[in-house]
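# Coordinate inspection notes
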Amino acid sequence: AEEVVREEFSARALFNRYLWFKDASAALDAKTASIKVYEARFVRLREQYADVPRREWAREDREQANLWESEMAGIVASYNLLAADFNAQMAKINWRFASVGDLPAGASEPLPRAYKPYQER
């Protein structure tokens with residue numbers, strides 16, 4: 001048991017975990033940015049058709065909107081899965097690298113303790 005604790009909390013193991021959390025955090029930020037891009041596309045498309053019911057839009061624009069909705073739903077689902085994994089991993093142990101002043105050697109900034117709320121688009 002002592003050997004397992006030593007391995008799991010060695011500087012190398014902690015730094016590797018920090019890197020996973022850092023990568024996951026960056027991926028979540030990228031997914032959030034992608035969602036905002038899709039939302040901006042929808043806003044522009046809706047502005048273009050102002051008071052026109054969707055059934056009267058050009059067929060190409062309806063198809064494109066459907067495609068964007070499908071792609072955005074995939075990104076939202078992916079975000080939620082990664083956020084759930086991030087939150088679950090962070091909750092398992094009070095990770096030091098989520099606190100200022102307790103970062104492992106080589107780490108430069110603390111990470112968020114959780115990603116919430118999940119996306120519900």
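Coordinates for the structure precede this section.
Position numbers for residues count from 1 along each chain, tracking the sequence in the order it is written. Confidence filtering applies because this is a predicted model: local features only for residues at pLDDT of at least 70, side-chain atom pairs given and counted only at 80 or more, and all residues used for totals across whole chains, interfaces and linings. Derived side-chain values reflect all non-hydrogen atoms in the structure, with water molecules and hydrogen atoms excluded from consideration.

### Concerning the overall build of the chain
To qualify as a helix, a DSSP run of H or I must reach at least 4 residues; to qualify as a strand, a run of E must reach at least 2; elements of each kind are numbered from the N terminus. Within the chain one finds three helices and zero strands. When the elements of the chain are put in sequence order from the N terminus, they spell out α-α-α. Within the chain, residue pairs in contact and separated by at least 24 positions form 68% of the contacts whose partners lie at least 6 positions apart. Surface accessibility follows the Shrake-Rupley procedure with a 1.4 Å probe radius. Residue values consider only the protein chains on display as shielding. For the chain, the computed accessible surface area is about 8000 Å², with 53% contributed by carbon and sulfur atoms. By definition, residues are in contact when any of their heavy atoms lie within 4.5 Å.

### A few points about helix 3 (residues 59-92)
Counted at 1.5 Å a residue, the expected span for helix 3 with its 34 residues is 50 Å, and the 50 Å between its end C-alpha atoms agrees. Three labels apply to residues, based on accessible area from a 1.4 Å probe with only protein chains included: buried if under 20% of the type maximum, exposed if over 50%, partly exposed otherwise in between. Among the residues of helix 3, Ala 65, Trp 68, Met 72, Ile 75, Val 76, Tyr 79, Leu 82, Ala 83, Phe 86, Asn 87 and Met 90 are the ones counted as buried. On its buried face, helix 3 is in contact with helix 2 (11-48). Here a helix's expected span is defined as the number of its residues, less one, multiplied by 1.5 Å.

### Notes on the packing of aromatic side chains
Two numbers describe a pair of aromatic rings. These are the distance of the centres and the angle of the planes. Only rings of Phe, Tyr and Trp enter the pairing, Trp through its six-membered ring, and a pair is recorded when the two centres are within 6.5 Å. The plane angle decides the type: under 30 degrees is stacked, over 60 is edge-to-face, the rest tilted. Under the criterion given, the structure shown has six aromatic pairs. Relative to Trp 57, the ring of Tyr 49 has its centre 4.8 Å away and its plane inclined at 15 degrees; by these criteria the two rings are stacked. Since its relative accessible area comes to 12%, Tyr 49 is described here as buried. Aromatic rings pair up to connect Trp 20, Phe 21 and Phe 86 into one cluster. Above the face of the Tyr 38 ring, Arg 41 is positioned so that its terminal group lies 5.0 Å from the ring centre. The rule is short: NZ of Lys or CZ of Arg within 6 Å of the ring centre and within 35 degrees of the ring normal puts a charge over the ring.

### Structural notes on the nonpolar core
Within the largest apolar cluster, 11 residues are counted, these being Ile 35, Tyr 38, Phe 42, Leu 45, Tyr 49, Trp 57, Ala 65, Trp 68, Met 72, Ile 75 and Val 76. Counting residues per element, the ones that place at least two in this core are helix 2 and helix 3. If one sorts the elements of this core by residue count, helix 3 sits on top with five residues. Apart from residues no more than four positions distant in its own chain, Ile 75 is found in contact with Lys 31, Ser 34, Ile 35 and Tyr 38. As used in this record, nonpolar core signifies buried Ala, Val, Leu, Ile, Met, Phe, Trp, Tyr and Cys residues forming a set joined through side-chain atoms within 4.5 Å. By size, the runner-up hydrophobic cluster in this structure holds eight residues, among which are Ala 24, Leu 28, Ala 83 and Met 90.

### Regarding the pattern of salt bridges
Whenever Lys or Arg places a side-chain nitrogen within 4 Å of a carboxyl oxygen from Asp or Glu, that contact is recorded as a salt bridge. Across all of its chains, the model carries two salt bridges by this definition. When the shortest N-O distance is used, the salt bridge between Glu 69 and Arg 54 registers 3.1 Å. Residue Glu 69 is located in helix 3, and its partner Arg 54 is located in the loop between helix 2 and helix 3; the two are separated by 15 residues in the primary sequence. Under the relative-accessibility criterion, Glu 69 is labelled partly exposed at 35%. Two residues, Arg 59 and Glu 63, come together in a salt bridge whose shortest N-O distance is 2.9 Å. Residue Arg 59 and its partner Glu 63 are located together in helix 3, separated by four residues, close to a single helical turn.

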